[in-house]
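Analysis of the macromolecular model
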Amino acid sequence: FGAIAADNSAVTDSLTRVLRQTIANRDAYARQKEDRLINLRKEISAATDDLRRFHALDALLNEYQAYNTDSAFAICGRREALARKIGDPYLMRNAAMNSANVLAYTGMYKEAFDIMDTIPSHRVPEYMRPFRYHILRTIYGLMDDYAVRPEDHDRYRALTRQYLDSLMAVNEP
């Protein structure tokens, strides 16, 4: 038992060192992030058509999603408007699902479900099914994390597992 405790202590010390170093370098990481955001905004401005702009906004959304949810949600709105302008139903569904995904991470589960309910599963093309299952698994998983009543935990956990199984079934190993 003593050897295991010593090993765990060494691992903890090593991880603590890495964490402290990462925190010490946060300004450099923030500059790198801002540089990526600036470059992506330039790419959006340089896009020669709405479809390219739509896809460039997707890259910007991916950068913002875990960084600034307000900005991520604003980008979702821009993508939805572009998808409507282009008139492509698949792009519209993709953009709406992005909005639902961002809403889920901000705790707006009902609003995320409202969006997902407007996209019948039979209208989701094969290539978007993993994203659909990811969003639903995420919403139910987050609801499980915050559920207070045991019966809610059980229900949300079961639904989380169900959508995780669906996600695993449609993804490559």
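Remember, predicted model here, so these are calculated numbers, not experimental data. (Residues numbered from 1 in each chain as written. Predicted model: local features only at pLDDT ≥ 70, side-chain atom pairs only at ≥ 80, totals over all residues. Heavy atoms only, no water.)

**Points about the pattern of salt bridges**
It is possible for side chains of opposite charge to pair when their charged atoms get near one another. Our working rule: For salt bridges, the criterion is a side-chain nitrogen of Lys or Arg within 4 Å of an Asp or Glu carboxyl oxygen. Numbering of helices and strands starts at the N terminus; helices are DSSP runs of H or I of at least 4 residues and strands are runs of E of at least 2. Burial classes: relative accessible area under 20% of the type maximum marks a residue as buried, over 50% as exposed, and values in between as partly exposed (1.4 Å probe, protein chains only).
Inspection of the entire model under this criterion finds 12 salt bridges. Where Asp50 meets Arg53, a salt bridge forms, and the shortest distance between an N and an O atom there is 2.6 Å. With Asp50 and Arg53 both in helix H3 (residues 50-64) and 3 residues apart, the pair spans about one turn of that helix. Arg53 sits in the partly exposed class, given a relative accessible area of 23%. With a closest N to O distance of 2.7 Å, Asp152 and Arg149 form a salt bridge. We classify Arg149 as partly exposed; its relative accessible area is 46%. Three or more residues joined by partner-sharing salt bridges are found here, namely Arg149, Glu151, Asp152 and Arg155.

**Considering the environment of Tyr90**
Selection rule: Contacts are assigned to residue pairs with any non-hydrogen atoms lying within 4.5 Å of each other.
Checked against the element boundaries, Tyr90 lands in helix H5 (residues 89-105). Along the primary structure Tyr90 and Ala100 are separated by 10 residues, whereas in three dimensions their C-alpha atoms are 15 Å apart. Not counting the four nearest positions on each side in its chain, Tyr90 is found in contact with Arg123, Pro125, Tyr127 and Met128.

**Quick word on helix H7 (residues 129-146)**
For clarity, the threshold we go by: In a helix, the anticipated span is given by 1.5 Å times the number of residues less one.
An ideal rise of 1.5 Å per residue puts 26 Å on 18 residues; H7 measures up with 26 Å between its terminal C-alpha atoms. With 13 of 18 residues buried, H7 is to be regarded as a mostly interior element.

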